[in-house]
Amino acid sequence: MDRVPKLQVVPARYPARTVGAVVALFILAGVVQSVALNPRWEWGVFARWFFDPVILQGLGQTLLLTLCGTVFSLIFGGLLALARLSSSWLLSSLAWGYIWLFRSLPLIVVLIILYNFSYLYETLSIGVPFTGLSWGHFQTINVLGQFPAAVIGLTLVQAAYSAEIIRGGFLGVDEGQFEAASALGLSAFRRTVRIILPQALRAIIPTAFNEIISLAKGTAMVYVLAMPELFYTIQMIYNRNQEVIPLLMVGAAWYLIITTVLSVIQHNVERWLARSVSREPKPSGWRQWRTRVTAVPPSEEIVHVRSH
């Protein structure tokens, strides 16, 4: 029998990819050098203010607004989405009208109207429309302060976007899943929670987290209410000391940290939801990188060809 030669596997070469990576690293190095070594960025001022108690207090207000706006908008948006999917034309029309209205209005307009709500309506009461029957009068100036107005404004606008995201997730579930759930004889609530919602979440989560990140940055809009959240606090400081750029960089760094944490949470939630698709969850980015580094190079692998 003739001796079978050993064949060496030669890895494919991608010179354009290598050139592109070198150019990208060159540009990145230039940007880092220009930012780090330019004294006009005033990194000393940045370091002095980054953990200042006033800045941290404003950061706490931003995080609290983000949390409240996210929770309330998801709850309200979920109800709106169910109304849009309802077979009742009245509920569907009312939900569509709400979504159309608040997706059309800028957030800053909604916040200003809410902040001046006491000018439009001095009292709030519960009663029957177009009749004189009413009870429970409340002074609006005592109800809608800075923080409640900010939370309500963020919730009203964000709920309109959340409703469409949730509705799109439900519509993305195959129609056969709805029919199979109905055939099991489960109640509408259990069908939605146990069967439809877990499948819809895989489509809802990525877009929903994008909206949460936008909400975290959108909290800067409440500066029109003179509320001391992160951006308004930074504005007040640099209006006094005129150190505009380093203080803006402080705010940018904190917003970057917030969005990074939310992105990490999104990644972990998506990996957790992927367990229902495959038994083994997708490995983390660190594990994939470590596997590529420690793997045997293709050039060292020998392929043996056997003759039949």
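Predicted, not measured: the structure shown is a model, and the values here were computed from it.

**So, the overall build of the chain**
Moving on, step 1. When helices and strands are tallied, the chain shows 13 helices and four strands.
Moving on, step 2. Put simply, 70% of the contacts in the chain that link residues at least 6 apart link residues at least 24 apart.
Moving on, step 3. Element-wise, carbon and sulfur atoms account for 66% of the exposed surface of the chain, whose accessible area totals about 20,600 Å².

**Some remarks on the UniProt feature "transmembrane region" (unreviewed entry) in the chain**
Moving on, step 1. The UniProt record annotates "transmembrane region" (unreviewed entry) at residues 58–83, 95–117, 137–157, 220–238 and 244–265.
Moving on, step 2. End-to-end, the C-alpha atoms of residues 58–83 are 37 Å apart, and along that stretch the chain is 100% helix and 0% strand.
Moving on, step 3. Note that residues 220–238 is 47% helix and 0% strand, and that its end C-alpha atoms are spaced 16 Å apart.

**Observations concerning the pattern of salt bridges**
Moving on, step 1. One pass over the structure, following the stated rule, counts three salt bridges.
Moving on, step 2. Residue Glu243 pairs with Arg48 through a salt bridge whose shortest N-O separation is 3.4 Å. Taken together, the positions of Glu243 in the loop between helix 11 (230–241) and helix 12 (244–273) and Arg48 in helix 2 (residues 43–50) put the pair 195 residues apart, joining distant regions of the chain.
Moving on, step 3. Between Glu164 and Arg167 there is a salt bridge, with the nearest N and O atoms lying 3.0 Å from each other. A residue pair is termed a helical-turn pair when its members lie 3 or 4 positions apart in one helix, as Glu164 and Arg167 do in helix 8 (residues 146–171) at three residues. This pair shows no difference in class: Glu164 is buried, exactly as Arg167 is.

**A short note on the environment of Arg103**
Moving on, step 1. Looking at where Arg103 falls in the secondary structure, it is placed in helix 4 (residues 89–104).
Moving on, step 2. Those residues in contact with Arg103, other than ones at most four positions away along the chain, are Ala160, Tyr161 and Glu164.

**Let's talk about unusual backbone geometry**
Both trends apply: most residues other than glycine have a negative phi, and most peptide bonds are in trans.
Moving on, step 1. A positive phi is found at Glu42, a non-glycine position, where the angle reads about 55°.
Moving on, step 2. Among the structural elements, Glu42 can be located in the loop between helix 1 (15–36) and helix 2.
Moving on, step 3. Phi at Gln242 is positive, roughly 65°, even though this residue is not glycine.
Moving on, step 4. In this fold, Gln242 is placed in the loop between helix 11 and helix 12.
Moving on, step 5. Classification of Gln242 as exposed rests on a relative accessible area of 57%.

**Some details on helix 3 (residues 53–84)**
Moving on, step 1. The terminal C-alpha atoms of helix 3 lie 45 Å apart, and with 32 residues this matches the ideal 46 Å at 1.5 Å per residue to within 8%.
Moving on, step 2. With a side-chain oxygen positioned 3.0 Å from the backbone nitrogen of Val54, the residue opening helix 3 is Asp52.

**What to know about the packing of aromatic side chains**
Moving on, step 1. One pass over the full model with this rule turns up eleven aromatic pairs.
Moving on, step 2. Relative to Trp43, the ring of Trp41 has its centre 6.0 Å away and its plane inclined at 15°; by these criteria the two rings are stacked.
Moving on, step 3. Residue class for Trp41 comes out partly exposed when judged on its relative accessible area of 25%.
Moving on, step 4. A relative accessible area of 28% places Trp43 in the partly exposed class.
Moving on, step 5. Ring centres of Tyr223 and Phe231 lie 6.0 Å apart, and the angle between their planes is 80°; this geometry places the pair in the edge-to-face category.
Moving on, step 6. A relative accessible area of 31% means that Tyr223 is categorised as partly exposed.
Moving on, step 7. Using a relative accessible area of 24% as the deciding quantity, one classes Phe231 as partly exposed.
Moving on, step 8. Put simply, the rings of Trp41, Trp43, Phe46, Phe50, Phe51 and Trp254 touch in pairs and so form one group of aromatic residues.
Moving on, step 9. The ring centre of Tyr14 lies 4.2 Å from the NZ or CZ of Arg17, which sits over that ring.

**Considerations on the side chain of Arg167**
Moving on, step 1. Judged by its relative accessible area of 19%, Arg167 falls in the buried class.
Moving on, step 2. Those residues in contact with Arg167 that sit more than four places away from it in its chain are Ala81, Arg84 and Leu85.

**Focus on the packing of helix 5 (residues 107–115) against helix 8**
Moving on, step 1. Packing of helix 5 against helix 8 leaves a shortest axis separation of 9 Å and a crossing angle of 140°. In terms of orientation, helix 5 lies oblique with respect to helix 8. Here helix 5 and helix 8 pass one another in a crossing that is right-handed. Here helix 5 contributes Leu107, Val110, Leu111, Leu114 and Tyr115 to the contact with helix 8, which in turn contributes Gln146, Ala149, Ala150, Ile152, Gly153, Leu154, Leu156 and Val157.
Moving on, step 2. When grouped by side-chain class, the residues that make up the contact of helix 5 with helix 8 number eleven nonpolar, two polar and no charged.

Cut-offs used in this document
- Within each chain, residue numbers correspond to sequence positions counted from 1 in written order.
- The predicted nature of this model means local features are confined to residues of pLDDT at least 70 and side-chain atom pairs, given and counted, to a pLDDT of 80 or more, with totals for whole chains, interfaces and linings taken over all residues.
- Only hydrogens and water are set aside when side-chain values are computed; all heavy atoms of the structure are taken into account.
- A helix here means a DSSP run of H or I that spans at least four residues, while a strand means a run of E at least two residues long, and both kinds are numbered starting from the N terminus.
- Residues count as neighbours in contact if any of their non-hydrogen atoms are within 4.5 Å of one another.
- Surface exposure here means Shrake-Rupley accessible area, sampled with a 1.4 Å probe, where a residue is shielded only by the protein chains that are shown.
- UniProt positions are given in the numbering used here, feature names are shortened, and annotations may be inferred rather than shown by experiment.
- Salt bridge, as used here: a side-chain nitrogen of Lys or Arg that lies within 4 Å of a carboxyl oxygen of Asp or Glu.
- In this scheme, a residue with accessible area under 20% of its type's maximum is buried, one over 50% is exposed, and one in between is partly exposed, where area comes from a 1.4 Å probe on protein chains only.
- In this scheme, a helix's expected span is set at 1.5 Å multiplied by one less than its residue total.
- As used in this structure description, the phrase polar contact means that two N or O atoms lie within 3.5 Å; if the pair is within protein, one of them must be able to donate a hydrogen and the other to accept it, and residues adjacent in sequence are counted only when both atoms belong to side chains.
- Whether two aromatic rings pair depends on their centres lying within 6.5 Å, for rings of Phe, Tyr and Trp, where Trp uses its six-membered ring; planes under 30 degrees apart make the pair stacked, over 60 edge-to-face, and the rest tilted.
- Sitting over a ring, as applied to charges here, requires NZ of Lys or CZ of Arg to be within 6 Å of the ring centre and within 35 degrees of the ring normal.
- The convention used is that axes are lines fitted to C-alpha atoms, helices contributing only their stretch in contact, and that angles between N-to-C directions extend from 0 to 180 degrees.
- Orientation labels follow simple angle bins: below 35 degrees gives roughly parallel, above 145 gives roughly antiparallel, 65 to 115 gives roughly perpendicular, and whatever is left gives oblique.
- Note on convention: near helix rotated counterclockwise from far helix by under a right angle means a left-handed crossing. Clockwise means right-handed.
- Residue classes follow a fixed rule: Ala, Val, Leu, Ile, Met, Phe, Trp, Tyr, Cys and Pro count as nonpolar, while Asp, Glu, Lys and Arg count as charged, and any other residue, Gly among them, counts as polar.

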